[in-house]
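Here is what each chain is made of, one letter per residue.
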Amino acid sequence: EPFANGSRGDIAPEDAVFMMNRLKQGTRKTLPGAEQKRLEGLMAALGAVVEAGMDELSSKYVALALNSLPPGRFEVEAYRPLVDAAVARCKSIRDPDWFSPRSLSMILNACAKARVRDDALLHHAATMLTRLDTVREDFSAQAISVIVNAYSKLNCSSEELFDHLAGIVKKQRTGYSPQAISSIVNAYSHLPSSRGPELMAHMSLLTIKTPPNQLDAQAVANIASGFARMGIDDAPLFAHLEKAALSLKSSFTPQGLTMTMNAFAKANHMTPALAATLAPVILEFPSQRLSAQDVCHAVHAFAKAQVRDDAVLKHLMYALQTVITDSVTKEEAAQERKRDAKKAKRAFFVKNRNTKGPMVGKDGEDAEEEDFFKDVPKDVAAPARGFPLTPQATATVMLSLASLYAHPDEISGTLLKSLLAAIDAIPVKEYQPQDIANLAWSAAVLELRAPRITDKIWEGMKSLTPMSAVDLSQLHQFVLSIKLDRGDSEVGYTFLDHVSTPSIPKGVDIPRIVRDLEEKLAASEKAGGKGKKIFTRSVFQQQVVETLRGMGHTDLIEEFVDPISGYSLDIWLPSRKTAIEVDGPMHFLQGKGDYAQTPSGSTAMKWRHLRQLGYSFRSVTHWAWDAIPGESRDSLAAPGSDSQESSRDGSQLSLYSERKLFMDRLLSEEEVDFWESWEDARVGARGFEQYEDGDSDDDEDLDDDDEEGLDDVQFEGG
């Protein structure tokens, strides 16, 4: 204070900068009111000294001065003159050598943190950076990534600068640490336009050259997220990252692991094997440490991998429920907290005492909990909750559960009530069109008709535009599901019986909404050139088609489009009025758990709709087809055809005969309802009771805070 108020004489601006940086550490703490004012007064006084001597400072000290100010406080009048003086000083220097990459990165980073956008400064900084000697040692990966991130955060594009910095990176063949690689990938992935495949290909090569055991958890998460964000499908890179993730699985934080899983899912590299390996890691995290964002990322990843693990889903959904509702009883919450605390303390004990397994008491029994954990700090299991549930997160959870065909009531008796409360509490204007489309598709798959979700969907269909072709398709399936459930050819005014009135304005014309949807869908299909596309048959489907033609079904039609629903049927036999679906692995859940080889949500809904449309329906599953005895399994043509004349032999005839017998049995027997046979087995094994519609009990409103980090989510098949 004596230096700041001048009682000890004048001080050099460089000394004032150092003092401000020391005092900055105090601004990170919560201080009593008087102490806080005292600290702010000191910072303002020292800032005035720096401002007055700005013309004497080098670029290093200008950068340090700006970075000494508390983030977010640049708009305070006491600091604004200092910022303006620093910006003016930088813009006045025309000699590139006055700057350094590091000092410029710090200056730009400070401006980005405070949301101070000065276009003249940004243009001048870009010019200076492109004129600096590119062989300088301080053109480090950190400086480059900070610069790119600053321009991205300030929504300022400088193509020449980005290309210049990318060229510097591409000259670096070795020596980049995993942290450096991840920083550059993360920075460039946030730019509004891609820098082309060359830079990312170079970063992929540097990553693959790095042994998996040298990649840390943060680097894996950032690199995977960066490539996924840019939509780059690099199979060798993700295979390398998968090896690293598997070796690091115990090193991840909840946020790091779930963010990595989400990146793999977004890039379509979330394999069933990876999901199964990471499932136990998810279960090890106490529910208090899982934020709503973590839950959404994880459940999305399992849905993309088509792996349903009810233990993981129950753990994730419990964590979610404690964020969005108090529907869990106090007794259940207390038991869960006790389990989480014991789990965290046990991990602490094992790590610090190098002890494995339970401790044994004097009598050979497990030691009492208080004895077992008496030396463990009490705050080990402190909760670390993060983001609340947002509209996108709500829709993502519903979409993921529907894709896994996991009805909320199967996971928890109170989960559906909690999710409906979350959906109901968020105003429709806060939803994006894609969110409403995802909710609609989920309601169609899971046959949810509760007013709190249908009201939101109808209102969203009326007010939210524009919608993509995928959005329209998902909404169409929701409307189709309603129509087929009612047995109506169209939704009439009587459908208003299904809609409660509180959330939908009086006079909303649902039939008009439906007609508008159908008109938009028709326009979208026309614009997309529907009817002109050439479908590609799988080998599996071609084998089934050739077998049926060899049986005399020459009238079969492939990819027949149902005029009412718009569904494309793999094979349609007009003479038998039978629809045949050739269902490969992607139509079923994956993995080795209880739900392996059960239909995914989209498959289950299509089967249900085809039956409701009156089709005699059969499904040829890939495992049943593969189980047909015989050899030469890759042959597609029927014996006797031109392509078979030169290769007819006993084994081929045997295989073809077995395939004919299989299809003959499938078509001649009474209709086998594959879906209901599986549903009966599932209900009998788990005692699951279908949710009855109409639960409209009022729940508490939810907090509506912002959430960052969730990417747009939409699954194919809708």
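Provided above is the structure to which this section pertains.
Presented here is a report on the structure given in the accompanying data block. (Residues numbered from 1 in each chain as written. Predicted model: local features only at pLDDT ≥ 70, side-chain atom pairs only at ≥ 80, totals over all residues. Heavy atoms only, no water.)

## Here's the deal with the overall build of the protein
- Helix and strand counts for the protein stand at 30 helices and four strands.
- For the protein, buried positions account for 49% of its 718 residues.
- Long-range contacts, defined here as pairs at least 24 residues apart, represent 76% of the contacts in the protein between residues at least 6 apart.
- Of the roughly 34,300 Å² of accessible surface on the protein, 49% is carried by carbon and sulfur atoms. (Helix = DSSP H or I, 4+ residues; strand = E, 2+ residues; numbered from the N terminus. Buried < 20%, exposed > 50% of the residue type's maximum accessible area, 1.4 Å probe, protein only. Contact = heavy atoms within 4.5 Å. Areas by Shrake-Rupley, 256 points an atom, 1.4 Å probe, with all protein chains shown as cover.)

## What to know about the pattern of salt bridges
- In this structure the tally under the stated criterion is nine salt bridges.
- Salt-bridge contacts for R38 lead to E1; the nearest nitrogen and oxygen are separated by 2.8 Å. Of this pair, R38 sits in helix α2 (residues 33–52) while E1 sits in the segment before α1 (13–27), placing them 37 residues apart in sequence.
- By relative accessible area, which is 44% here, E1 ends up partly exposed.
- Here the salt bridges share partners, and the residues they tie into one network are R308, D310 and E410. (Salt bridge = Lys/Arg side-chain N within 4 Å of Asp/Glu carboxyl O.)

## Here we look at helix α26 (residues 539–550)
- Its twelve residues place the ends of α26 16 Å apart at the C-alpha level, agreeing with the 16 Å of an ideal helix rising 1.5 Å per residue.
- Following α26 by one or two positions, G552 adopts a phi angle in the positive range, close to 105°. (Expected span 1.5 Å × (residues − 1).)

## Brief notes about the nonpolar core
- Formed by 171 residues in total, the largest nonpolar core has its most connected members in Y151, Y176, Y188, M203, M270, M317 and F478.
- V544, L573, I580 and I628 belong to the second largest nonpolar core, which has 17 residues in total. (Core = buried A, V, L, I, M, F, W, Y, C linked by side-chain atoms within 4.5 Å.)

## Some thoughts on the packing of helix α10 (residues 197–209) against helix α12 (residues 235–247)
- At a minimum axis distance of 10 Å, the contact between α10 and α12 shows a crossing angle of 35°. Our pair here, α10 against α12, has a crossing hand that is left-handed. Together, S204, T207 and I208 of α10 and P236, L237, H240 and L241 of α12 make up the contact between the two elements.
- For the contact of α10 with α12, the class distribution of residues is four nonpolar, three polar and no charged. (Axes fitted to C-alpha atoms, helices over the stretch in contact; angles between N-to-C directions. Left-handed = near helix turned anticlockwise from the far one by under 90°. Nonpolar A, V, L, I, M, F, W, Y, C, P; charged D, E, K, R; others polar.)

## Some words on the packing of helix α15 (residues 292–305) against helix α16 (residues 310–324)
- Where α15 meets α16, the closest approach of the two axes is 9 Å, and the angle between their N-to-C directions is 150°. Here α16 runs roughly antiparallel to α15, going by the angle between their axes. Two packed elements cross with a definite hand, and for α15 against α16 that hand is left-handed. Touching A292, V295, A298, V299 and F302 of α15 are V312, L313, L316, M317, A319, L320 and V323, all from α16. (Parallel < 35°, antiparallel > 145°, perpendicular 65-115°, else oblique.)

## Details of the packing of aromatic side chains
- Taken as a whole and judged by the stated rule, the model has twelve aromatic pairs.
- Taking 4.9 Å as the distance between ring centres and 90° as the angle between the ring planes, the aromatic pair formed by W98 and F99 counts as edge-to-face. Exposure class is identical for W98 and F99. Each is buried.
- Considering the side-chain rings of F588 and W607, the 6.2 Å spacing of their centres and the 70° angle between planes classify their relative orientation as edge-to-face. Of this pair, F588 sits in the loop between β3 (578–583) and α27 (601–612) while W607 is found in helix α27, placing the two residues 19 residues apart along the sequence.
- You can call W607 buried: its relative accessible area is 3%.
- An aromatic cluster is defined as three or more aromatic residues linked by ring pairs; in this entry it consists of F588, W607, F617 and W623.
- Between K60 and the ring centre of Y61, over which it is positioned, the NZ or CZ distance is 5.9 Å.
- Over the ring of Y595 we find R308; its NZ or CZ atom is 3.8 Å from the centre of that ring. (Phe/Tyr/Trp six-rings, centres within 6.5 Å; stacked < 30°, edge-to-face > 60°. Lys NZ or Arg CZ within 6 Å of the ring centre and 35° of its normal.)

## Details of the side chain of H553
- Topologically, H553 is positioned in the loop between α26 and β1 (557–561).
- With relative accessibility at 11%, the residue H553 sits in the buried group.
- Once residues lying within four places of it in the same chain are set aside, the contact partners of H553 are L548, L573, S575, R576 and L667.

## A closer look at the sheet that holds β3
- Across the sheet, which stays open at both edges, the four strands sit in the order β1-β2-β3-β4 with mixed pairing between neighbours. Each having just a single partner strand, β1 and β4 (616–621) make up the two edges of the open sheet. Adjacent strand axes in the sheet meet at a mean angle of 40°, parallel and antiparallel pairs treated alike.
- Pairing geometry for β3 and β4, over six bridges, is parallel. For D583, the partnering residue across the bridge sits in β4 and is T621.
- In this fold α26 packs onto β1, β2 (568–573), β3 and β4, with an angle of close to 145° to the strand it touches most, β3. (Pairing = 2+ DSSP bridges.)

## Some points on unusual backbone geometry
- Its identity as a non-glycine residue notwithstanding, Y405 has a phi of 50°, on the positive side.
- Tracing the sequence through the fold places Y405 in the loop between α19 (391–403) and α20 (408–411).
- Overall, Y405 belongs to the buried group, its relative accessible area being 6%.
- Positive phi, normally seen in glycine, also occurs at E447, with a value near 55°.
- What makes E447 partly exposed here is its relative accessible area of 30%.

## Remarks on the pairing of β3
- When you tally the buried positions in β3, you get six out of six residues, the bulk of the element.
- Covered by surrounding structure in β3 are T578, I580 and V582 together with A579, E581 and D583, the residues of both alternating faces.
- Where β2 lies against β3, three bridges are found, and the strand directions are antiparallel. Bridged to W572 within β3 is A579.
- Between β2 and β3, which pair antiparallel one after the other, the connecting turn spans four residues, and K577 there sits at a positive phi close to 50°.
- Note that the unit made of β3, α27 and β4 has a crossover that is right-handed. (Right-handed = clockwise from strand over helix to strand, strands pointing away.)

## Comments concerning the side chain of S68
- Tracing the backbone shows S68 in helix α3 (residues 59–68).
- A residue is classified by how much of its surface remains accessible, and S68, at 0% relative accessible area, is buried.
- A polar contact is formed between the side chain of S68 and the backbone oxygen of A65, at a distance of 2.6 Å.
- Setting aside its immediate chain neighbours within four residues, S68 contacts M20, N21, K24 and M43. (Polar contact = N/O pair within 3.5 Å; in protein donor to acceptor, adjacent residues only side chain to side chain.)

## With respect to the pairing of β2
- In terms of burial, β2 is a largely internal element, five of the six residues being buried.
- Note: β1 against β2, four bridges, orientation antiparallel. From the neighbouring strand, V561 faces β2, where its bridge partner is S568.
- Between β1 and the antiparallel strand that follows it, β2, lie six residues; G566 among them carries a positive phi value of about 85°.

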